[in-house]
Amino acid sequence: MHGAAEPELGRPGLGRGPAVRVLPRLDDANRFFWTSGADGVLRFLRCDTCRCYVHPPGPVCPYCLRGELLPEAVSGRGTLHSFTVNYQPWIPGDGPYAIGLVAIAEQDDVRLMTNVVDCPEQALEVEMAVEVTFEQVEDVWLPLFRPAGRPRPTAAGA
Ligand SMILES: [Zn+2]
């Protein structure tokens with residue numbers, strides 16, 4: 001079927017993600033992760049014994065089953081392992097947005113399902129370098145990712 005609802009390929013850019021966010025329920029195990037962006041830094045639990053990063057947060061290191069897990073800052077850089085673009089306006093007025101699986105630079109098997117933002121659709125590419133950018137919604141800082149190495153927007157939005 002062809003019609004006005006067809007996705008417009010090659011459009012200049014994608015939105016910041018879905019218009020309405022379903023927020024995670026914060027608890028003692030995950031609060032550090034969902035509020036980490038308050039200072040602009042992404043953090044994951046890291047094992048003090050085998051030094052592996054662990055995500056999602058849990059009580060025990062799944063790699064060595066021994067170490068204590070403590071939040072530790074990471075670079076915020078990663079690579080886009082896979083992605084898709086959602087065209088379905090689940091909420092009226094919702095624009096297309098990119099859903100990506102991002103592997104963090106520090107450890108390839110630590111991956112986040114997230115949105116890739118500030119990126120033209122035609123520039124999305126598997127293995128592209130990305131960096132974290134946070135979107136605050138209520139008491140949660142959602143870690144989203146944008147193409148790495150581009151100038152950050154100023155506070156004035158210029
Ligand atoms: Zn461990």
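Residues numbered from 1 in each chain as written. Predicted model: local features only at pLDDT ≥ 70, side-chain atom pairs only at ≥ 80, totals over all residues.

### Some thoughts on the overall build of the protein
Then step 1. Looking only at helices and strands, the protein has one helix and eight strands in total.
Then step 2. Each helix and strand of the protein, placed in order from N terminus to C terminus, yields the pattern α-β-β-β-β-β-β-β-β.
Then step 3. Classification of the 158 residues of the protein by burial places 23% in the buried group.
Then step 4. Expressed as a percentage of contacts within the protein between residues at least 6 apart in sequence, the contacts between residues at least 24 apart total 55%. (Helix = DSSP H or I, 4+ residues; strand = E, 2+ residues; numbered from the N terminus. Buried ≥ 20, exposed ≤ 12 C-beta atoms within 10 Å, placed from the backbone. Contact = placed C-beta atoms within 7 Å.)

### A closer look at the nonpolar core
Then step 1. Val54, Val102, Val116 and Phe145 are the most contacted members of the largest nonpolar core, which totals 22 residues.
Then step 2. For this core, the elements supplying multiple residues, two or more each, are β1 (43-47), β4 (77-86), β5 (97-104), β6 (107-116), β7 (129-137) and β8 (140-147).
Then step 3. Residues in contact with valine 54, not counting those within four places in the same chain, are Phe44, Leu45, Cys47, Cys61, Pro62 and Leu69. (Core = buried A, V, L, I, M, F, W, Y, C linked by C-beta atoms within 7 Å.)

### Some points on the environment of valine 22
Then step 1. Relative to the elements of secondary structure, valine 22 occurs in the segment before α1 (31-35).
Then step 2. Residue valine 22 is classed as exposed on the basis of its C-beta count, with 6 C-beta atoms lying within 10 Å.
Then step 3. In the structure, valine 22 is positioned 115 residues away from valine 137 in sequence and 9.8 Å away in space, judged by C-alpha atoms.

### Re unusual backbone geometry
Then step 1. Each neighbour pair has its own omega, and for histidine 55 with proline 56 the value is 0°, a cis peptide bond.
Then step 2. With respect to the helices, strands and loops of the structure, proline 56 is situated in the loop between β2 (53-54) and β3 (69-73).
Then step 3. One non-glycine residue, leucine 65, lies in positive phi territory at about 60°.
Then step 4. With respect to the helices and strands, the residue leucine 65 is situated in the loop between β2 and β3.
Then step 5. With 10 C-beta atoms counted inside 10 Å, the residue leucine 65 sits in the exposed group.
Then step 6. Of note, aspartate 118 is a non-glycine position whose phi angle comes to about 55°, a positive value.
Then step 7. One can find aspartate 118 in the loop between β6 and β7.

### Some details on the environment of aspartate 28
Then step 1. Within the secondary structure, aspartate 28 is located in the segment before α1.
Then step 2. With 29 residues separating them along the chain, aspartate 28 and proline 57 place their C-alpha atoms 10.0 Å apart.

### Details of the confidence of the model for the protein
Interpretation of this model should avoid reading the predicted coordinates in detail wherever pLDDT is low.
Then step 1. Model confidence for the protein is summarised by a mean pLDDT of 88, while 86% of its residues fall at 70 or above.
Then step 2. Counting contacts from residues 1-12, a segment whose pLDDT is below 50, to residues more than four positions away or on other chains yields five contacts. (pLDDT = per-residue confidence, 0-100.)

### Details of the pairing of β6
Then step 1. Both β5 and β6 contribute to a ladder of seven bridges, which runs antiparallel. Of the residues in β6, the one forming a bridge with valine 102 is leucine 112.
Then step 2. Connecting the antiparallel pair β5 and β6 is a turn made up of two residues. (Pairing = 2+ DSSP bridges.)

### Thoughts on the sheet that holds β1
Then step 1. One open sheet holds the three strands; their spatial order is β2-β1-β3, and the pairing between them is antiparallel. Single-partner strands in this sheet number two, and they are β2 and β3.
Then step 2. For β1 and β3, the ladder comprises five bridges, and the chain directions are antiparallel. Bridge pairing in β3 places arginine 46 opposite leucine 70.

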